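Working through the structure, step by step
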Amino acid sequence: VDVLEDLLDGVDEGSPEAQTLAACLQTNEELLHLAVTGKPMSTLKYAMTMDGKIATTKMHAAWVTAPDARGLVFRERALSDAVIVGGNTVRRDDPQLTTRQEGGHHPVRVVMS
């Protein structure tokens, strides 16, 4: 990691070399994070209403995330190795936890209960 960053510091910002090194760092971000910290990279996603709620008062399932944002969530899931949810989420909402895409990578579904 340090070697790549040192190389990046030594080239002109707009040069093809700098773009290639920056792309290398971005493409391998998760692997490099694991190598440096010894911990996997994690992404936290949750939906919250404008008044700070994450569920209705009657605790029934309802979409909080707007349709455009849902598309971003599905794309992020397609890049992930696993989707982790709590047991109560599964019992109350029965989420699909999929990418909503045909074919391609689908993350492992993990339920913490």
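Described below are features of the structure shown in this document. Computed from a prediction, not measured in an experiment: that's the story for all the values here.

Here's the deal with the overall build of the protein chain
Within the protein chain, the secondary structure is distributed over 5 helices and 2 strands. Across the protein chain, helices and strands are ordered from the amino to the carboxyl terminus as α-α-α-α-β-α-β. The globule rule puts the C-alpha radius of gyration for 113 residues at 13 Å, and the 19 Å found for the protein chain is more than 25% above it. Viewed in the frame of its principal axes, the protein chain has a C-alpha envelope of about 60 × 30 × 30 Å. For the protein chain, restricting intrachain contacts to residue pairs at least 6 apart in sequence, the fraction spanning at least 24 positions comes to 45%. Per element, the accessible surface of the protein chain, about 9,000 Å² overall, is 55% carbon and sulfur.

Examining a nonpolar patch on the surface
A cluster of nonpolar residues, Leu44, Tyr46 and Met48, forms a patch on the protein surface that exposes about 380 Å² of accessible area. With respect to the element layout, Met48 can be found in the loop between helix 3 (29-37) and helix 4 (67-78).

Here's the deal with a negative patch on the surface
Negative charge collects at one region of the surface, where Asp2, Glu5, Asp6 and Asp9 lie side by side. Relative to the elements of secondary structure, Asp6 occurs in helix 1 (residues 2-9).

Structural notes on the pairing of strand 2 (residues 108-112)
Two faces belong to every sheet, and in a regular strand the side chains alternate between them. Of all the 5 residues making up strand 2, 0 are buried; the element is thus mostly uncovered. In this structure, strand 1 (residues 82-86) lies alongside strand 2, joined through 5 bridges in parallel fashion. Among the inter-strand pairings, Ala82 is bridged to a residue of strand 2, identified as Val108. Taken together, strand 1, helix 5 (residues 87-93) and strand 2 form a β-α-β motif whose crossover is right-handed.

Observations regarding the environment of Pro40
Considering the arrangement of structural elements, one finds Pro40 in the loop between helix 3 and helix 4. Counting along the chain gives 11 residues from Pro40 to Glu29, while the straight-line C-alpha distance between them is 11 Å. Leave out the neighbours within four places in its chain, and Pro40 touches His33 and Leu34.

Some remarks on the environment of Thr27
Mapped onto the elements of the fold, Thr27 is located in helix 2 (residues 16-27). What makes Thr27 exposed here is its relative accessible area of 61%. On a C-alpha basis, the gap between Thr27 and Met112 in space is 29 Å, while along the polypeptide they are 85 residues apart. Only 2.8 Å separates the side chain of Thr27 from the backbone oxygen of Ala23, close enough to count as a polar contact.

Parameters and conventions
Residues numbered from 1 in each chain as written. Predicted model: local features only at pLDDT ≥ 70, side-chain atom pairs only at ≥ 80, totals over all residues. Heavy atoms only, no water. Helix = DSSP H or I, 4+ residues; strand = E, 2+ residues; numbered from the N terminus. Rg over C-alpha atoms; globule rule 2.2 N^0.38 Å. Contact = heavy atoms within 4.5 Å. Areas by Shrake-Rupley, 256 points an atom, 1.4 Å probe, with all protein chains shown as cover. Patch = residues over 30% accessible without salt bridge, like charges linked within 9 Å, V, L, I, M, F, W, Y side chains within 5 Å. Salt bridge = Lys/Arg side-chain N within 4 Å of Asp/Glu carboxyl O. Lys, Arg positive; Asp, Glu negative; His and termini not counted. Charge placed at Lys NZ, Arg CZ, Asp CG, Glu CD. Buried < 20%, exposed > 50% of the residue type's maximum accessible area, 1.4 Å probe, protein only. Pairing = 2+ DSSP bridges. Right-handed = clockwise from strand over helix to strand, strands pointing away. Polar contact = N/O pair within 3.5 Å; in protein donor to acceptor, adjacent residues only side chain to side chain.

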